[in-house]
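Below, each chain spelled out in residue letters.
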Amino acid sequence: MLVAALLGSLISPPAQAEIRILASPGGQVGPFLDLFERVRASGERVVIDGPCLSACTLVLTMVPSDRICVTRRAILGFHGARSVDPRGRLYAEPEASELVLEAYPSAVRGWIRHRGGLTSRLLLLRGRELAAIYPSCR
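Note that this is a predicted model, so its numbers are computed, not measured. (Residues numbered from 1 in each chain as written. Predicted model: local features only at pLDDT ≥ 70, side-chain atom pairs only at ≥ 80, totals over all residues. Heavy atoms only, no water.)

A. Here's a closer look at the layout of surface pockets. A volume near 330 Å³ is recorded for the largest pocket. Every element with two or more residues in the lining of the largest pocket is listed here: β7 (82-84) and α4 (94-103). Of all the elements, α4 adds the most residues to the lining of the largest pocket, at 3 residues. For the lining of the largest pocket, the residue count by class is 10 nonpolar, 8 polar and 1 charged. (1 Å grid on protein atoms, 1.4 Å probe; cavity = no way out; pocket = protein on both sides within 12 Å on 5 of 7 lines; lining within 4 Å. Points joined across faces, edges and corners; volume = space filled by probe spheres on them. Helix = DSSP H or I, 4+ residues; strand = E, 2+ residues; numbered from the N terminus. Nonpolar A, V, L, I, M, F, W, Y, C, P; charged D, E, K, R; others polar.)

B. Broad picture of helix α5 (residues 106-114). Of all the residues in α5, the buried ones are Val108, Arg109, Trp111 and Ile112. When α5 is viewed along its axis, its buried side chains cluster within an angular range of 160° and face the same direction. Residues of α5 that are exposed and point more than 90 degrees away from the buried face comprise Ser106 and His114. Those residues of α5 that are buried are in contact with α3 (59-62), β6 (75-78), α4, β9 (123-126) and α6 (127-131). A positive backbone phi angle near 100° is found at Gly116, which sits one or two residues after α5. (Buried < 20%, exposed > 50% of the residue type's maximum accessible area, 1.4 Å probe, protein only. Arc of directions from axis to C-beta. Contact = heavy atoms within 4.5 Å.)

C. Expanded view of the state of the cysteines. Evaluated as defined, the whole model comprises 2 disulfides. Across the disulfide, Cys52 is cross-linked to Cys56 (sulfur-sulfur distance 2.1 Å). Of note, the bridge from Cys52 to Cys56 carries an S-S torsion of about -105° and is left-handed in sense. The class of Cys52 is buried, set by a relative accessible area of 0%. Across the disulfide, Cys69 is cross-linked to Cys137 (sulfur-sulfur distance 2.1 Å). Between Cys69 and Cys137 the disulfide shows an S-S torsion of about 105°. By sign, it is right-handed. One end of the pair, Cys69, is in strand β5 (residues 68-70); the other, Cys137, is in the segment after α6, with 68 residues separating them in the sequence. Given the relative accessible area of 3%, Cys69 is considered buried. Under the relative-accessibility criterion, Cys137 is labelled partly exposed at 22%. (Disulfide = S-S within 2.5 Å.)

D. Summary view of the pattern of salt bridges. Scanning the entire structure with this criterion turns up 9 salt bridges. For Glu18, the salt bridge is made with Arg45, and the minimal N-O distance between the two is 2.8 Å. Of this pair, Glu18 sits in strand β2 (residues 18-21) while Arg45 sits in strand β3 (residues 45-48), and the two are 27 residues apart along the sequence. (Salt bridge = Lys/Arg side-chain N within 4 Å of Asp/Glu carboxyl O.)

As structure tokens, then:
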């Protein structure tokens, strides 16, 4: 329930058949996959209008590219998959990282690979580089 409320506060409600991502730090993958599956099924356009980090970038794997646009404020942040062990320590999940990387559209995948791939380091795609991949919102 808390995750749904949090996601609701990070993504504005549909207006004129669009979903607007204003600021998302990411989080657990499952709720984002569920959310973006509903968005994909709705046929609504996604406007990325601020930071969309970590699990939020899964929107690129779930919603067709022709229904995604970006504003000047858009930032996509990518890093490798990681999990938490029973003691609360983070550890890398290289196999999951490779699966996620392969799911991204080819232009995004190429951009990530050109910068060393998905690791613990946060890669930020924004500005002209982002505008070269996704159209500007009108």
